[in-house]
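Each chain is listed here by its residues.
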Amino acid sequence: MNVKTIATRPIAGQRPGTSGLRKKVTVFEQTPYLENFVQAIFDSLDGYAGQTLVLGGDGRYHNAAAIQTILKMAAANGFGRVLVGRRGILSTPAASCVIRKHRAYGGIILSASHNPGGPEGDFGIKYNTGNGGPAPEKITEAIYANSGKLTRYLTLDAPDVDLDLLGSTKLGDLQVEVIDPVADHADLLASLFDFDKIGALLRSGTFRMCFDAMHAVTGPYAHEIFIKRLGAPAGSVINGVPLEDFGGGHPDPNPTYAEQLIATMFADDAPDFGAASDGDGDRNMIVGRRFIVTPSDSLAVLAANATLAPGYAGGLAGVARSMPTSAAADRVAEKLGIGCYETPTGWKFFGNLLDAGKVTLCGEESAGTGSDHVREKDGVWAVLFWLNVLAERKLSVEAILRDHWKTYGRNYYSRHDYEGVDSAAANGLVEHLRAQLATLPGRRLELPQGTFHVKSADDFAYTDPVDGSVSTKQGIRVGLADGSRVVFRLSGTGTEGATLRVYLERYVADPAQHAIETQQALGGLIALADQLAGIRERTGRDTPTVIT
Ligand code: G1P
Ligand code: ZN
């Protein structure tokens, strides 16, 4: 084998964020940016000689070139086998599924998730461990430490591998198997849900769905599952051809960026059910006819109705949600008498709970929902789960939500994002909040919008109940006496300046008040957030960039 040892030097800033290392494509294109990080990953792992690595990405610009680089480095570093998706494609949940099913040592996923793609867009890379989940902080920090002391990387002098054809080839001593990116994942999903009932609903002619793949990775998965296996009419999937730049769009399934789906679902002849997924297929948005389901509510509804799906008929072990996610799921867990866990933002924190069998369902307010079937959130899984519930309950999406709120009360919820804020201003804002934490509890704040009694204020810290690891500074929480709360944190996935996220939540038990519009219901909290953090003054912004 023609292994080359190339001298290199550390590159600053290769610290993985909420979900891997994300930078502009133009940064990743500069050799040895990617090479250094991949070598830092391999240098952080033990005992992988001869083992299997899973490799794939969301197909965005630079995916194909990066895959070839990583294949050669995997060969030179001594992996025995790489399972790579055809044309370098694997959605994030599919990669997790393949790692688990084929008992791989780990996997590398190339994606910047919902961030825009193309030559001027974003690129990303993350490492997943043998359980199929994102590497925990212990490993991501080791990768970062190794990136800071690199002196060389290993690669192979060899031609590129043809990734268009399924099958096995050799790259030096490495066995490269090009696999169907959809089959394993589709088979797993078919084992969890009642495909006969869902198929009958989709073929009935009285129920229509619209799935928006946003020109991202879920197109082929949606075609195989909704159209081929379940028999939905061809037009049920839109924007189903993956493009390297996602058609110039922002592949984030939220009401702002999934405009076409929202327009379709709010038209006079709207379908009964709408859904979208993001760049790498792990997020989901659920929409009824003229009705948007918040991700926090979606988690709660799935938890409450879980036993309707065959894969969950035995009940749930517990549920987990990220801290900023609304407490709607907590109410369901309480009623079901099952465990409920609050974790920091980022899917990697669910891994231990899932592995230990403490929880079955997990969710984040950022349009992520998933279960113990893989170790990533899973967009198409969430859509199938909803279809299974709809097929069983024979109610509209809106009716299911209204019924849910009647039983559990409604957690009004919204997230306000201020994107591309000056980093120093954003850090200053967080420091300003931290400085108030000690004195806020017990205070009454008088605003034109009302009087607010602060009950608690802290910077969220989490102790993992399975391995005892501690994660601090995970977001500023301000809790009010009536159970409402405001949470502030800075994004760990952006590539330009800082993104301030403000999470607002208010619980209303009385069904007579469940028809109030969300931003109106949260008006007082929105004013309070500005008062506490000085958002307008410090960021210079009057309104958020994105409201979800
Ligand atoms: C965002 C979301 C978070 C999610 C992550 C990866 O991270 O808020 O819930 O896990 O993307 O999809 P953030 O940018 O807030 O750090
Ligand atoms: Zn994603």
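Higher on the page you've got the structure.
All of these numbers come straight from a predicted model, not from anything done at the bench.

Asks: Please explain the coordination of the zinc ion (ligand 2) as it appears in this structure.
Replies: Octahedral metals with six donors have ideal donor angles of 90 or 180 degrees. Tetrahedral metals with four donors have an ideal donor angle of 109.5 degrees. Ligation of the zinc ion (ligand 2) by protein atoms is provided by S113 (OG), D278 (OD), D280 (OD) and D282 (OD), these donors lying 2.0 to 2.1 Å from the ion. Seen from the zinc ion (ligand 2), its four donor atoms lie at angles of 85 to 162°, and the figure they make is irregular. Mapped onto the sequence, the residues coordinating the zinc ion (ligand 2) show the spacing S-x164-D-x1-D-x1-D. Of this pair, S113 sits in the loop between β5 (106-110) and β6 (122-129) while D280 sits in the loop between β12 (273-277) and β13 (284-288); the two residues are 167 residues apart in sequence, bridging distant segments of the chain. Take S113: its relative accessible area is 3%, and that puts it in the buried class.

Asks: What exactly am I supposed to notice about the nonpolar core here?
Replies: Side chains that are nonpolar tend, in soluble globular proteins, to be buried together. Counting residues in each nonpolar core, the largest one holds 69 residues, and the members touching the most others are F193, F226, F273, L384 and W386. With 11 residues, helix α13 (residues 379-393) is the single largest residue contributor to this core. Sequence-distant contacts of F226, defined by excluding residues within four places in its chain, comprise M209, F211, G231, A232, V237, V380, V383, L384 and L387. Among the nonpolar cores identified, the runner-up in size contains 40 residues, and F42, L71, A75 and I139 belong to it.

Asks: Would you mind going over the packing of aromatic side chains with me for this structure?
Replies: Where two aromatic rings form a pair, the distance of their centres and the angle of their planes describe that pair. Applying the stated criterion across every chain yields a total of 18 aromatic pairs. Measuring from centroid to centroid gives 5.1 Å for F28 and F123, while their planes differ by 70°, and the two rings are edge-to-face. A residue pair is termed long-range when its members are at least 10 positions apart, and F28 in helix α1 (residues 25-28) and F123 in strand β6 qualify at 95 residues. Exposure class is identical for F28 and F123. Each is buried. Members of the aromatic cluster, each reached through a chain of ring pairs, are F42, Y48, F79 and Y105. Positioned above the aromatic ring of W405, the side-chain terminus of R410 is 3.9 Å from the ring centre.

Asks: Looking at this structure, how should I read the site of ligand 1?
Replies: In the region of ligand 1, 15 residues are neighbours, and T18, S366, G492, T493 and R501 sit closest. Between ligand 1 and the protein, one listed contact pairs an oxygen atom with a side-chain N or O atom of T18 at 2.5 Å. Contact distances for ligand 1 include 2.6 Å between an oxygen atom and a backbone N or O atom of G492. When isolated, ligand 1 has an accessible area of 380 Å², and the protein chains bury 99% of it. By residue class, the composition of the shell around ligand 1 is no nonpolar, eight polar and seven charged.

Asks: In this structure, what is going on with the pairing of strand β3 (residues 52-57)? I would like to understand it.
Replies: Two faces, one strand: in a regular strand the side chains alternate between the faces of the sheet. Among the six residues that make up β3, six are buried, leaving the element largely enclosed by the rest of the structure. The alternating pattern of β3 places T52, V54 and G56 on one face and L53, L55 and G57 on the opposite face, and all of these are buried. Strand direction decides the pairing type here: β3 and strand β4 (residues 81-89), joined by five bridges, are parallel. Across the sheet, residue V54 finds its bridge partner in β4, namely L83. Taking the sense of rotation as the criterion, the β-α-β connection linking β3, helix α3 (residues 63-76) and β4 turns out right-handed. Where β3 meets β5, five bridges bridge the pair, whose relative direction is parallel. Its bridge partner being in β5, L53 is matched across the sheet by G106.

Asks: Before we go on, may I ask you to explain the sheet that holds strand β17 (residues 361-364) in this structure?
Replies: Strand-to-strand pairing in sheets goes through backbone hydrogen bonds, with the strands running parallel or antiparallel. With mixed pairing, four strands are arranged side by side in an open sheet as β16-β15-β17-β18. At either margin of the open sheet sits one strand with a lone partner, and together these are β16 (339-343) and β18 (368-371). Direction aside, the axes of adjacent strands within the sheet are offset by 15° on average. Sheet topology places strand β15 (residues 318-322) next to β16; five bridges connect them, and they run parallel. Across the sheet, the residue bridging to V319 is C340, located in β16.

Asks: For this particular structure, what's the right way to read the pairing of β12?
Replies: Of all the five residues making up β12, five are buried; the element is thus mostly covered by neighbouring parts of the structure. Covered by surrounding structure in β12 are F273, A275 and S277 together with G274 and A276, the residues of both alternating faces. Bridge analysis of strand β10 (residues 209-212) against β12 gives four bridges, and the strand direction is parallel. Opposite C210, over in β12, you have G274 as the bridge partner. Pairing of β12 with β13 involves five bridges; the strand directions are antiparallel. Bridge pairing in β13 links F273 to G288. Two successive antiparallel strands, β12 and β13, enclose a turn made up of six residues, where G281 displays a positive phi of approximately 80°.

Asks: What am I meant to see in the side chain of D280 here?
Replies: For the buried D280, no salt bridge exists, and the shortest N-O distance to an oppositely charged side chain is 5.7 Å, to K126. Among the polar contacts listed, one links the side chain of D280 to the side chain of S113, at a separation of 3.3 Å. Ignoring anything within four residues of it in the chain, the contact list for D280 reads D58, S91, T92, P93, S111, S113 and V217.

Asks: Please clarify how the sheet that holds β10 should be interpreted in this entry.
Replies: Spatial ordering of the open sheet is given by β11-β10-β12-β13-β14, a layout of five strands whose pairing is mixed. Only two strands of the sheet have a single neighbouring strand rather than two, namely β11 (237-238) and β14 (291-293). Of the strands in this sheet, β12, β13 and β14 touch helix α14 (residues 397-408), which is tilted by about 55° from β14.

Asks: Hey, could you run me through the pattern of salt bridges in this one?
Replies: Oppositely charged side chains may form a pair once their charged atoms are brought near each other. Applying the stated rule across the entire model yields 34 salt bridges. For E141, the salt bridge goes to R15, with nearest N and O atoms at 2.7 Å. One end of the pair, E141, is in helix α5 (residues 137-147); the other, R15, is in the loop between β1 (3-7) and β2 (21-24), and 126 residues separate them in sequence. By relative accessible area, E141 is classed as partly exposed at 34%. For R15, a relative accessible area of 44% translates into the label partly exposed. A salt bridge links D122 to K24, with the shortest nitrogen-to-oxygen separation between them at 3.1 Å. Separated by 98 residues along the polypeptide, D122 in strand β6 and K24 in strand β2 bring together distant segments of the chain. Judged by its relative accessible area of 5%, D122 is buried. On the accessibility criterion, K24 (22% relative accessible area) is partly exposed. What you see here is one network of salt bridges that share partners, running through R321, D330, E342, D458, R477, R485 and E505.

Rules used throughout
Residues numbered from 1 in each chain as written. Chains lettered and ligands numbered in written order. Predicted model: local features only at pLDDT ≥ 70, side-chain atom pairs only at ≥ 80, totals over all residues. Heavy atoms only, no water. Donors = N, O, S within 2.8 Å, 3.2 Å for Na, K, Ca; no water. Tetrahedral: all angles 85-135°; square planar, octahedral: opposite > 155°, others 65-115°. Helix = DSSP H or I, 4+ residues; strand = E, 2+ residues; numbered from the N terminus. Buried < 20%, exposed > 50% of the residue type's maximum accessible area, 1.4 Å probe, protein only. Core = buried A, V, L, I, M, F, W, Y, C linked by side-chain atoms within 4.5 Å. Contact = heavy atoms within 4.5 Å. Phe/Tyr/Trp six-rings, centres within 6.5 Å; stacked < 30°, edge-to-face > 60°. Lys NZ or Arg CZ within 6 Å of the ring centre and 35° of its normal. Near = heavy atom within 4 Å. Polar contact = N/O pair within 3.5 Å; in protein donor to acceptor, adjacent residues only side chain to side chain. Areas by Shrake-Rupley, 256 points an atom, 1.4 Å probe, with all protein chains shown as cover. Nonpolar A, V, L, I, M, F, W, Y, C, P; charged D, E, K, R; others polar. Pairing = 2+ DSSP bridges. Right-handed = clockwise from strand over helix to strand, strands pointing away. Axes fitted to C-alpha atoms, helices over the stretch in contact; angles between N-to-C directions. Lys, Arg positive; Asp, Glu negative; His and termini not counted. Salt bridge = Lys/Arg side-chain N within 4 Å of Asp/Glu carboxyl O.

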